[in-house]
Amino acid sequence: MIKTHPRVFARRLRTHIAKCGWIWLLSFLLISLFTHFYQPAVNRTESLPFTLFLIERGEKNLSVGDYAAFSPKPDSVGGFEFTFVKEIACGPGQRIEAINREIFCDGKKIALAKTHSKRGEPLDVIASGVIPPDHYFMRGTHPDSYDSRYAKFGLIDRCRFSGKAHPLF
C-alpha cells in the first residue's frame, strides 16, 4: 500500500475541490431534487407484469387504468407498513359486484377471487356496492395477487396513495 503524507493528501484534496467541487455540488443538488419528486420501486411479486417503477411522489390525481403506489391499512397486511403498487381498476361512483367470486366493475369483469391464499387461509370476497368518494378498487393482474378483490384488503382511500407509479420494465 502506498502511503501519502497528510499534507500532500490535504493539498491534493484542496486542488480537487477547487477544480471539481462545483461538479460534486451540482450532482448532489440534482440528485436531491430528483429524489424529492421521484422514487424508484421494485415489484418483488408476480402481481403485475412489471418489475421496476418510478413513483411520482405526491401525485394523487389518478384515474382508472393508472398504477398507484400506496400503503394499505396495516391490519389488512398482518400489521405491517408496506408500499404496494397496483392498477386502479375501479373508482369512485362505480359499482362493484361480486358474483360467484367473480368481481365486476359497472358490469365488466375485472377479477376472479380465490377461495384460499397460497398458505391455505380462507379469503372472503369484497362486498358489492358503489365505491364511495376518494376510494379505489386496486388490483394486480396475477391470479394470486392480494388486492381489493378480498374483503380484508378492501378499497383504498386516496389519502393512502403516495404517488403515481410509472412502469419502466
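Please refer to the structure higher up on the page.
Let me begin by describing the structure that accompanies this report.

Cut-offs and rules
Residues numbered from 1 in each chain as written. Predicted model: local features only at pLDDT ≥ 70, side-chain atom pairs only at ≥ 80, totals over all residues. Heavy atoms only, no water. Helix = DSSP H or I, 4+ residues; strand = E, 2+ residues; numbered from the N terminus. Expected span 1.5 Å × (residues − 1). Bend = angle between axes of the 7 residues up to and from the residue. Disulfide = S-S within 2.5 Å. Core = buried A, V, L, I, M, F, W, Y, C linked by side-chain atoms within 4.5 Å. Buried < 20%, exposed > 50% of the residue type's maximum accessible area, 1.4 Å probe, protein only. Salt bridge = Lys/Arg side-chain N within 4 Å of Asp/Glu carboxyl O.

## Let's talk about helix α1 (residues 6–37)
The first and last C-alpha atoms of α1 sit only 41 Å apart over 32 residues, clearly below the 46 Å expected at 1.5 Å per residue. The axis of α1 is deflected most strongly, by about 65°, at Cys 20.

## Some points on the state of the cysteines
With the rule as written, the count across this model stands at one disulfide. What pairs with Cys 90 in a disulfide is Cys 105, and their sulfur atoms sit 1.9 Å apart. Judged by the sign of its S-S torsion, about 75°, the bond between Cys 90 and Cys 105 is right-handed. Here Cys 90 is found in strand β4 (residues 84–90), whereas its partner Cys 105 is found in strand β6 (residues 102–105), with 15 residues between them in sequence. With no disulfide of its own, Cys 159 lies closest to Cys 90 among cysteine sulfurs, the gap being 19 Å.

## What about the nonpolar core?
One finds Cys 90, Ile 96, Ile 103, Ile 110, Ile 126 and Phe 137 to be the most contacted residues of the largest nonpolar core, which totals 14 residues. Mapped by element, the contributors of at least two residues to this core are β4, β6 and β7 (108–112). If you look at the next biggest cluster of nonpolar residues, it comprises eleven residues, including Ala 68, Phe 84, Ile 88 and Tyr 136.

## Points about unusual backbone geometry
Although it is not a glycine, Asp 106 sits at a positive phi angle of roughly 50°. One non-glycine residue with positive phi stands out, namely Asp 134, at about 60°. For Asp 134, the location among the structural elements is in the loop between β8 (129–130) and β9 (135–139). Overall, Asp 134 belongs to the partly exposed group, its relative accessible area being 38%.

## Points about the pattern of salt bridges
Following the criterion strictly, the structure yields seven salt bridges and no others. Asp 134 is the partner of Arg 158 in a salt bridge, and the nearest nitrogen-oxygen pair spans 3.1 Å. With Arg 158 in the loop between β10 (156–157) and β11 (161–167) and Asp 134 in the loop between β8 and β9, this residue pair connects regions lying 24 residues apart in the sequence. Arg 149 is paired through a salt bridge with Asp 147; the nearest N and O atoms lie 2.7 Å apart. With relative accessibility at 3%, the residue Arg 149 sits in the buried group. The exposure class of Asp 147 is buried, given its relative accessible area of 0%. Linked through salt bridges whose partners overlap, the residues forming this network are Lys 114, Lys 118 and Asp 144.

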